[in-house]
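# Fold and contact review
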Amino acid sequence: MATYAIGDVQGCFYAFQALLTKLDFHPTRDRLWLVGDMINRGTGSLDMLRWCVAHEQSIDVVLGNHDLHAIAVAHNVRPPHRSDTLQPILEAEDGLDLLEWLRHQPLMLQQDNMVMVHAGLIPQWTVADALGYAREVEAVLQHANYERFLHQMYGNHPSAWHDGLDGPDRLRLITNVFTRMRICTPEGELEYGFKGGLPDIPAGYMPWFAAPNRQSSGATIICGHWSALGLHQQQGVYALDTGCLWGGKLTAMDIHTKAITQADFDPRDKA
C-alpha cells in the first residue's frame, strides 16, 4: 500500500489519468492526497470531480481557491472568470451533487506529523492552531447558511493575523491563508497579488515557509498552489504544483519515501 500526494490538477484529467497509470494506482490498495484545486481551467473539470466522488473512499483532499470559487459561482455569488471551465459542471445533471460533495471537504489534513494544505500557513500558527482555524471555516462552509459565508469570503482585507480578529474578517483571512498565500513578511502579513518565482519576490517579503520562527516548522507540510515555485522539497515543505495546466508536469510524491513521479502536460487538457 502506498499513499501519493498529487499537486494541483486543475481539471487536467488526461494528465491525471496518465499519472495514475505511471503510479500503478489501485484504489483498493493505495491512497491519494490531493492538494486542492482539483478543478477549473483544464477541460476535464467535470470528469475530475466525478472521479473524486467515485473514489472518495480512496482519497483525501483539501480545498483550494479554485474549488471554493466553483462553489461560489454555482450559487451566483461571483460571476465566472473568462478562463473558467466550470460550465460543464454547472450544466451536468449531477453537478450540484458534485459541488455539494466538494463543499464538505476540509481545508487542512493532518496525519501524525504530516500536514496537507493547499497554499500554506502563516508563521504565527502552530499546526494545532491551524487545524482549529481550519475547522472554524469548515463549520460555516458546511452549515445550512453557508451562502452567507460565500458572500463574505472574497477580498484582500485583512492581510495580517491577530488573535482579536472575529466575524467575517477572521473567516476571510483564515480562508486566504489556506488557499491563496504564497509570500508574507517575517511578521506574517500576506501579499495577495504576487504570483512570480523566488527571484521576483518583492523586498520585505519571503516565501511563507521561509519566515523566521515559523511555528509549524516541526511538521512536514505538503502543499500546492504556487506553480511558479515549481517542485520544492526543502525545510520540511513539499510543494507539488508544477504547472501542468501551463504546459508543465503533474507531480505525485510518495508521502513516505518522498519519491517523485511525474506525467507530462496533455494538450487535450487545455482548450
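For the structure, see preceding data.
Quantities reported herein were computed from a predicted structural model and do not represent experimental measurements.

### Thoughts on the nonpolar core
Counting 86 residues, the largest nonpolar core has Ile6, Phe16, Trp125 and Phe178 as the members making the most contacts within it. Leave out the neighbours within four places in its chain, and Phe16 touches Ile6, Val9, Leu32, Leu34, Met48, Trp51 and Leu250. Formed by twelve residues, the second largest nonpolar core is a distinct cluster that contains Val35, Met116, Ile222 and Tyr238.

### Regarding the packing of helix α6 (residues 127-141) against helix α8 (residues 167-179)
Running from amino to carboxyl end, α6 crosses α8 at an angle of 115°, the nearest separation of the two axes being 10 Å. Between α6 and α8, the crossing angle belongs to the class labelled roughly perpendicular. Crossing of α6 against α8: the hand is left-handed. Within the contact between the two elements, α6 uses Ala130, Tyr133, Ala134, Glu136, Val137 and Val140 and α8 uses Arg170, Leu171, Ile174, Thr175 and Phe178. The residue inventory of the contact of α6 with α8, partitioned by class, reads eight nonpolar, one polar and two charged.

### Comments concerning α8
Between its terminal C-alpha atoms α8 stretches 19 Å, which fits the 18 Å expected from 13 residues at 1.5 Å a residue. The element α8 is extensively covered by neighbouring structure, given that ten of its 13 residues are classed as buried. For α8, every residue scored as buried is listed here: Arg170, Leu171, Arg172, Leu173, Ile174, Thr175, Asn176, Val177, Phe178 and Thr179. Of the surrounding elements, those touching the buried residues of α8 are α3 (65-74), β4 (108-111), β5 (114-117), α6, α7 (146-152) and β7 (190-191).

### Considerations on the sheet that holds β7
Pairing between sheet strands relies on hydrogen bonds along the backbone, with the strands arranged either parallel or antiparallel. On the basis of which strands lie adjacent, the open sheet formed by three strands has the order β7-β6-β8 and antiparallel pairing. The sheet is open, and its two borders are formed by β7 and β8 (206-207), each paired with just one other strand. The pairing of strand β6 (residues 183-184) with β8 spans two bridges and is classified as antiparallel. Bridge pairing in β8 links Ile183 to Pro207.

### Comments concerning the pairing of strand β12 (residues 249-254)
Most of β12 sits out of view: five of its six residues are buried. Bridge count between strand β1 (residues 3-6) and β12: three bridges; the pairing is antiparallel. Bridge pairing in β12 places Ile6 opposite Ala252. Pairing of β12 with strand β13 (residues 260-264), which is carried by five bridges, proceeds in the antiparallel orientation. Within the sheet, the bridge partner assigned to Lys249 lies in β13 and is Asp264.

### Some points on α3
With respect to burial, α3 is a largely interior element, nine of its ten residues being buried. For α3, the complete set of buried residues consists of His66, Asp67, Leu68, His69, Ala70, Ile71, Ala72, Val73 and Ala74. Those residues of α3 that are buried are in contact with α4 (87-91), α5 (95-103), α6, α7 and α8. Count one or two residues on from α3 and you reach Asn76, which has phi positive near 60°.

### Here's the deal with the side chain of Asp8
You can see Asp8 is positioned in the loop between β1 and α1 (13-23). Arg182 is the oppositely charged side chain nearest to the buried, salt-bridge-free Asp8, at an N-O distance of 7.5 Å. Polar contacts involving the side chain of Asp8 include one to the main-chain amide nitrogen of His225, which spans 3.1 Å. Non-local contacts of Asp8, meaning those with residues more than four positions away in its chain, are made with Val35, Gly36, Asp37, His118, Gly224, His225, Asp241 and Leu250.

The rules we used
Residues numbered from 1 in each chain as written. Predicted model: local features only at pLDDT ≥ 70, side-chain atom pairs only at ≥ 80, totals over all residues. Heavy atoms only, no water. Core = buried A, V, L, I, M, F, W, Y, C linked by side-chain atoms within 4.5 Å. Buried < 20%, exposed > 50% of the residue type's maximum accessible area, 1.4 Å probe, protein only. Contact = heavy atoms within 4.5 Å. Axes fitted to C-alpha atoms, helices over the stretch in contact; angles between N-to-C directions. Helix = DSSP H or I, 4+ residues; strand = E, 2+ residues; numbered from the N terminus. Parallel < 35°, antiparallel > 145°, perpendicular 65-115°, else oblique. Left-handed = near helix turned anticlockwise from the far one by under 90°. Nonpolar A, V, L, I, M, F, W, Y, C, P; charged D, E, K, R; others polar. Expected span 1.5 Å × (residues − 1). Pairing = 2+ DSSP bridges. Lys, Arg positive; Asp, Glu negative; His and termini not counted. Salt bridge = Lys/Arg side-chain N within 4 Å of Asp/Glu carboxyl O. Polar contact = N/O pair within 3.5 Å; in protein donor to acceptor, adjacent residues only side chain to side chain.

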